[in-house]
Structures are given as structure tokens and as C-alpha cells.
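# Notes for the structure review
Here is how the chains run, residue by residue.
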Amino acid sequence: MFISCIVPSCQDEPEENKNSDPDALATVISADGIPSTPGSVFSKIDETTFMLDYVKYKIVDSHLEIIGYDEIELAGEPKLYSQVTIDGVSFQTRKIDEFAFSWAANLKRIVIPNTVKEIGKYCFAKCWSLEYIKLPEGISELRNCTFYGCSSLESIILPKSINKIGHLCFGHCPKGMSIYFQSEIPPSLLTNNSVFSWSPDKRLGVSHDIVDDTYHYFIAYVPEESFDSAYYYAFFIDVVFYSSLPVE
């Protein structure tokens, strides 16, 4: 079933938000281990690994990778740093490793820095409380089970740069979940009949409720100019074109 409609234009963002850049958060760690950002907490684990605001980072090949979190102390809306300077050397965060935030029960909202170019499989799997995530331009692929079981994630906006979506990426996500595509050319689906989840009639884009064994289809929102290619999204119950994205 295909529905063509126009989502009402969004209002402009408040003036105070136009110049803010939450993706460019940086800090400098002093010789005594104090971050330059007020209220931040730093602890060194070993020569290449440290915890910053209860998110675990590792220095790999002159850049940073996020590899985990403090299960007890992680905030509902943690700060992720695009750059951390230690001993006078600056490192940019380039990757969030596989399973890095999986099972993070307190995680509700997260903004991924624009420096991040790769997100590993199962990265946010089973984050039941996750309601909002901002993905940066530059990520080319969503890996297998990236958002598997994120039962509070009712909508997501995918950057134009994403060209591949992996197996069960949105498996067991909520009924009626809205997925906003920005690119004119749809991403490649990496496996047959099971990219989001699967159903008995072999359609994609579904969420399987393991409690009552029912299947719910997602809604695909596509740019108006790419609606003619909507057959590509035939695995969704509805395809809707929009003139502007919702306000985040």
C-alpha cells in the first residue's frame, strides 16, 4: 500500500539553537586528570583506554574509538566527545565499536559526533529506553542488528550518506516506527527478506512481537523527488513522501 502525502513544513529552529553544534563537543584533560568541560568526569584505565563521563574510549591508530560504558553511572543523555586532548595530543572520535552501548538500560537520547564514520553491529541493541538518536553524515552503513530491540525508538532520520542497511538492523522495534530516508537513491539491503525483520509473507520492514507472535510494519518516509522509486520500499506497509523533515 503506497500513500502519497506531504508532511507540513517544519518551523524554523529557535534562534539560540542555530549556532549550537552538539556534535563538536571537545575537552582537554589536564595533567592531574581534570577535563576542561565543567562537570565532566575522567578516569584513566590504562595507557590507551579511559572513561570520560562514564563512556569508555580507546586510542587506536591515533584516533579514538568508543568501546563501552559504565553500566551503573551512564546518564540517560550522555555526552559523546568528538575530540579529546591528552598530554597535549588531540584525538578525534572516529568509531563506535560493536556492542558499545548494547543493553544500556538508562540510555534515552544520544547525539553521535560528526567525526564518527563507523558504527559497529549490535551497537545499540536492546537499549529499551532509547527514544532519540542523531546520526551524523558520513556514516555509510548501518550494520547487523544496530538497533535491534530498541522498543522505545518510534522514529529515526537516516543521513544521506547511508548506502547499506544490515540484517535485522531495526528488528523488534516498535509498531508503526517511522524511518526517514534522505537520499534520492535508497540504501542497499544487505540480506534477503530479513533486513529489518521477517514475516511469514516474506515482506521486510516489520517488527515481530515475540510476546503475541504478531508482525507490525514500519512506515518509510522518502524525499518527494524520489517517490517515483518507491517500489524499492515495497517491503513497508506505507511509503510517504515529505517536503521537509520533522524538527529534531
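Here the structure is a predicted model, which is why all the values come from computation and not from measurement.

## Notes on the overall build of the protein chain
A count of helical and extended segments in the protein chain gives one helix and 19 strands. A burial count over the protein chain gives 48% of its 248 residues as buried. Of the contacts made within the protein chain by residues no fewer than 6 positions apart, 46% connect residues no fewer than 24 positions apart. In the structure as shown, the protein chain presents an accessible area of about 12,400 Å², 50% of it carried by carbon and sulfur atoms.

## Thoughts on the environment of Gly166
Examined against the element boundaries, Gly166 turns out to sit in the loop between strand E13 (164-165) and strand E14 (178-181). Exposure remark for Gly166: the relative accessible area of 0% places this residue in the buried category. Gly166 sits 22 residues away from Ser188 along the chain, and the two C-alpha atoms are 8.6 Å apart.

## So, the state of the cysteines
A covalent bond between the sulfur atoms of two cysteines is referred to as a disulfide. One pass over the structure, following the stated rule, counts zero disulfides. No disulfide involves Cys169; its sulfur sits 7.8 Å from the nearest other cysteine sulfur, which is in Cys173. Overall, the relative accessible area of 0% leaves Cys169 in the buried class.

## Comments concerning the nonpolar core
For soluble globular proteins, nonpolar side chains are generally found buried alongside one another. Counting 50 residues, the largest nonpolar core has Phe101, Phe124, Leu135, Phe147, Ile156, Leu158 and Phe170 as the members making the most contacts within it. Of all hydrophobic cores here, the second largest spans six residues; its members include Tyr180, Ile219, Val240 and Tyr242.

## Digging into the pairing of strand E6 (residues 83-86)
Bridge count for strand E1 (residues 26-29) against E6 is four bridges, and the pairing is parallel. Across the sheet, the residue bridging to Thr27 is Val84, located in E6. Here E6 pairs with strand E7 (residues 89-96) via four bridges, running antiparallel. Bridge pairing links Val84 to Phe91 in E7. Where E6 folds back onto E7 in an antiparallel hairpin, the turn is made up of two residues, including Asp87, whose phi is positive at roughly 55°.

## Concerning the packing of aromatic side chains
Taken as a whole and judged by the stated rule, the model has ten aromatic pairs. The interplanar angle of 40° and the centroid separation of 5.4 Å between the aromatic rings of Phe42 and Phe50 together place this pair among those described as tilted. Owing to a relative accessible area of 18%, Phe42 belongs among the buried residues under this scheme. Where Tyr69 meets Phe101, the ring centres are 6.1 Å apart and the plane angle is 10°; that geometry is what we call stacked. Linking Tyr69 in strand E5 (residues 63-69) with Phe101 in the loop between E7 and strand E8 (109-111), this pair joins segments that are 32 residues apart in sequence. Phe101 sits in the buried class, given a relative accessible area of 0%.

## Remarks on the confidence of the model for the protein chain
Of the residues in the protein chain, 75% reach a pLDDT of 70 or more, and the chain-wide mean stands at 81. In the predicted structure, residues 1-19 sits below a pLDDT of 50 and forms 35 contacts with residues beyond four places in sequence or in another chain. Across residues 192-206, where pLDDT falls below 50, the model places 59 contacts with residues more than four positions away in sequence or in other chains.

Parameters at a glance
- Residues numbered from 1 in each chain as written.
- Predicted model: local features only at pLDDT ≥ 70, side-chain atom pairs only at ≥ 80, totals over all residues.
- Heavy atoms only, no water.
- Helix = DSSP H or I, 4+ residues; strand = E, 2+ residues; numbered from the N terminus.
- Buried < 20%, exposed > 50% of the residue type's maximum accessible area, 1.4 Å probe, protein only.
- Contact = heavy atoms within 4.5 Å.
- Areas by Shrake-Rupley, 256 points an atom, 1.4 Å probe, with all protein chains shown as cover.
- Disulfide = S-S within 2.5 Å.
- Core = buried A, V, L, I, M, F, W, Y, C linked by side-chain atoms within 4.5 Å.
- Pairing = 2+ DSSP bridges.
- Phe/Tyr/Trp six-rings, centres within 6.5 Å; stacked < 30°, edge-to-face > 60°.
- pLDDT = per-residue confidence, 0-100.

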